[in-house]
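These are the residues of each chain, in order.
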Amino acid sequence: MRTVHAPQPHTQVCLPPPAQTWHMAFLTLPSKSSPLPLEDASPVPVPKTSTSPPVTVNSRKPRPLLRPPLPNTTGPLFEHQPFIVSWNIPDLVCNRYNIYLDTSPFKGVATPAKVPGQFLSLFYTDRLGLYPRVDLTGRKLNGGIPQRANLKASVNKARADINYYIPSKTSRGLAVIDWEEWRPLWDRNWGTKRIYQNLSVAHAMHRNRSLTVQQATEKAKQQFETAAKRIMSGMLAKGSTMRPNYLWGFYLFPNCYNYGWEKPNYTGRCSKEVRRQNDELLWLWESSTAFYPSVYLQVSLADSPRAALMVRNRVQEALRVSALPRWGVTAPVFVYTRPVFVDQNRRFLSQGDLVSTIGESAAVGASGAVLWGAFTDYDDQTSCEALSSYLSSTLNPYITNVTAAAQLCSHFLCQGNGRCVRKNYNSNHYLHLNPESFRVVHVQNRYVVLGRPTLTDLKTLSRGFRCQCYKGLRCSPGTYRELAKALKFSVKQGLYHKAHTLKKAMLDDTQQASITKDNVLKNLKV
């Protein structure tokens, strides 16, 4: 599925810690830059935050699903950045044609190629241990089924694989295992995956020829699930032990299986059976240190309210299972999405589709999103040029907007000690900057947000969102009076009402420090 270069300094999003001030220019600017005249900056659109009731596709309005008190969650990978977006798209062909891809708003830039030492390490079937599976020709690899796997040999190879792909023992990042050939629950191996059930039954009957088909099936199910658990939890344990600073999990886990959006009464909710089956995978959630669900869109969901329903429920299910281990703190959720549709890989998602995927993920409470691309998505000059144009026109401005809004909400509502999460996950509140208070500009290949929140902006956030505190921290949402006081304090510390000229922008690329009055706003004219 994917790969990544270590997070680039210029992709840092810098916001002030709670004790400092919130300034107009709070996104990344190039270090040691010359004065930047604002007239050279290109303004980009800022989507409005909707406060209207959720859009549904059936006539009956669903009953609001208010969530119980939120457990504490793992702190962000990068300080004061509650929601990040990582790039996981191949760029070999685009580089060959010298087509520039502006990835400055992304936190970590990846390619699916075999590149060691990346912020995001993606482990395909041949990159971690000896994964038992059946290939497209029917050939059995590494035993074919989990019951026949050589666990000791697999762990030994996994040790070497981890040392190769993640050579540093102290670096931080995401470790995603992409094993999709079979699923650890017997009943979820339908369709083409039923071959693993058939081979397991044959294996059980071969070991005990006195068994009936029914007895062999029951035995095979037990053996399959036990072996699958041993293999998957073993890989996670090995990875977490060797590289504890990486967040380990399996791509597509957990899943909601909330298909059927073509039906008129589609709600997107995961079925009780799916939730029950996910509860059976408690051992997997206990072994994982992050979750990586997928919300790829088919073209039938383009610009459709059903897309938001599908995404929010998949992410919500991931957040639900993250609390099942009862460790007192939940593991982070990073949502895999694509900039193109899975069944039309030359058609890009509209801004509305980005709201339904990345925007939904941020609003519901995910820690981030991973943008993935297949090698076939960008395999010629035309597709690379289209991607480059899409980045500058649509994707980058939106990512800048959402990540900045998540920081703003965290800073003012949660004192920087937690992330903002929808009070009602099925509502239509989003973490978007108010276009009347902010604007996103493109300055010297960087995206910068100019503006300041009003008390009305903060009240709007407070009505739609609550705080999920990071481990060991307190982050109770402030009252309107407290928000007004915090906003007034920020103004007194050097926050100006309007900016017509940005003459100086200095930012140390090696630190995620706040942009202070001395290094950014000292020469702003109002």
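Keep in mind the model is a prediction, meaning the values are calculated, not measured.

Some words on the pairing of strand β11 (residues 334-337)
Residue alternation in β11 divides its side chains into two sets, Phe-334 and Tyr-336 and Val-335 and Thr-337, and both sets are buried. As paired strands, β11 and strand β14 (residues 368-372) are joined by four bridges and run parallel to one another. Looking at the pairing, Phe-334 lines up with Gly-368 of β14.

Describing unusual backbone geometry
Here the amide bond leading from Phe-253 into Pro-254 is cis, since omega sits at 0°, within 30 degrees of zero. With respect to the element layout, Pro-254 can be found in the loop between β9 (246-250) and α5 (272-280). Even without being a glycine, Arg-326 presents a positive backbone phi close to 60°. Here Arg-326 lies in the loop between α7 (305-322) and β10 (329-330). Overall, the relative accessible area of 74% leaves Arg-326 in the exposed class. Phi angles above zero are rare outside glycine, and Asn-445 is one such case at about 65°.

Description of the state of the cysteines
Tallying each qualifying case throughout the model produces five disulfides. Linked covalently through their sulfurs, Cys-94 and Cys-384 form a disulfide whose S-S length is 2.1 Å. Between Cys-94 and Cys-384, the S-S dihedral sits near -90°, and the bridge is therefore left-handed. Here Cys-94, found in helix α1 (residues 92-96), pairs with Cys-384, found in helix α9 (residues 381-414); they are 290 residues apart in sequence, far enough to count as distant. Using a relative accessible area of 0% as the deciding quantity, one classes Cys-384 as buried. Looking at the protein, its bonded cysteines, counted consecutively from the start of the sequence, adopt the pairing 1-4, 2-3, 5-7, 6-8, 9-10.

Considerations on α9
Of all bends in α9, the biggest is about 55°, found at Leu-391. Counting buried positions along α9 gives 26 out of 34 residues, so the element sits mostly inside the fold. Once α9 ends, the next one or two residues include Gln-415, with phi positive near 55°.

Observations regarding the nonpolar core
Core analysis: the largest hydrophobic core is formed by 111 residues, its most contacted members being Phe-83, Trp-248, Leu-284, Ile-358, Leu-395, Leu-413 and Leu-431. The contact partners of Leu-431, leaving out residues within four places of it in the chain, are Ala-362, Ala-363, Asn-401, Val-402, Ala-405, Ala-406, Cys-409, Cys-420, Leu-461 and Phe-465. Counting residues in hydrophobic clusters, the runner-up holds 19 residues, among them Leu-77, Leu-122, Val-176 and Tyr-296.

Digging into the environment of Pro-477
Tracing the sequence through the fold places Pro-477 in the loop between β18 (465-469) and α11 (480-492). Linking Pro-477 and Phe-465, residues 12 residues apart in sequence, is a C-alpha distance of 9.0 Å.

Description of the sheet that holds strand β4 (residues 109-110)
Taken together, the four strands give an open sheet; going across it, the order is β4-β3-β14-β11, and neighbouring strands pair in parallel fashion. Of all the strands in the sheet, the pair left with one neighbour each is β4 and β11. Most of the contacts of α9 go to strand β3 (residues 84-88), to which it runs at about 155°, and overall it touches β3 and β14.

A word on the environment of Gln-223
By the element assignment, Gln-223 lies in helix α4 (residues 213-242). We classify Gln-223 as buried; its relative accessible area is 17%. Each C-alpha atom of the pair Gln-223 and Ser-200 lies 8.1 Å from the other, and the pair is 23 residues apart in sequence. Excluding residues within four positions of it along the chain, Gln-223 makes contact with Gln-147, His-203, Ala-204 and Arg-207.

Observations concerning the confidence of the model for the protein
Confidence in the prediction of the protein, expressed as mean pLDDT, is 85, and 80% of residues score 70 or more. In the model, residues 49-59 has pLDDT below 50 throughout and makes 27 contacts with residues more than four positions away in sequence or in other chains. Residue range residues 494-526 is modelled with pLDDT below 50. Its contacts to residues more than four positions away, or to other chains, number 93 contacts.

Notes on the sheet that holds strand β5 (residues 120-123)
Strand order in the open sheet formed by three strands is β5-β8-β9, with parallel pairing between adjacent strands. Of all the strands in the sheet, the pair left with one neighbour each is β5 and β9. Strand-to-strand, the axes of this sheet are offset by a mean angle of 15°, without reference to chain direction. The pairing of β5 with strand β8 (residues 173-177) spans four bridges and is parallel. Residue pairing across strands places Leu-120 opposite Leu-174, the latter belonging to β8. Sheet strands touched by α4: β8 and β9. Its angle to β9, the strand with the most contacts, is close to 170°.

Observations concerning the packing of aromatic side chains
Counted according to the given criterion, the structure contains 21 aromatic pairs. The interplanar angle of 80° and the centroid separation of 5.1 Å between the aromatic rings of Trp-87 and Phe-106 together place this pair among those described as edge-to-face. Taken together, the residues Trp-87 in strand β3 and Phe-106 in the loop between α1 and β4 connect sequence positions 19 residues apart. Since its relative accessible area comes to 1%, Trp-87 is described here as buried. An angle of 75° between the planes, with centres 6.1 Å apart, marks the rings of Phe-250 and Phe-253 as edge-to-face. Both residues of the pair, Phe-250 and Phe-253, belong to the buried class.

The rules behind these values
- Residues numbered from 1 in each chain as written.
- Predicted model: local features only at pLDDT ≥ 70, side-chain atom pairs only at ≥ 80, totals over all residues.
- Heavy atoms only, no water.
- Buried < 20%, exposed > 50% of the residue type's maximum accessible area, 1.4 Å probe, protein only.
- Helix = DSSP H or I, 4+ residues; strand = E, 2+ residues; numbered from the N terminus.
- Pairing = 2+ DSSP bridges.
- Disulfide = S-S within 2.5 Å.
- Bend = angle between axes of the 7 residues up to and from the residue.
- Core = buried A, V, L, I, M, F, W, Y, C linked by side-chain atoms within 4.5 Å.
- Contact = heavy atoms within 4.5 Å.
- Axes fitted to C-alpha atoms, helices over the stretch in contact; angles between N-to-C directions.
- pLDDT = per-residue confidence, 0-100.
- Phe/Tyr/Trp six-rings, centres within 6.5 Å; stacked < 30°, edge-to-face > 60°.

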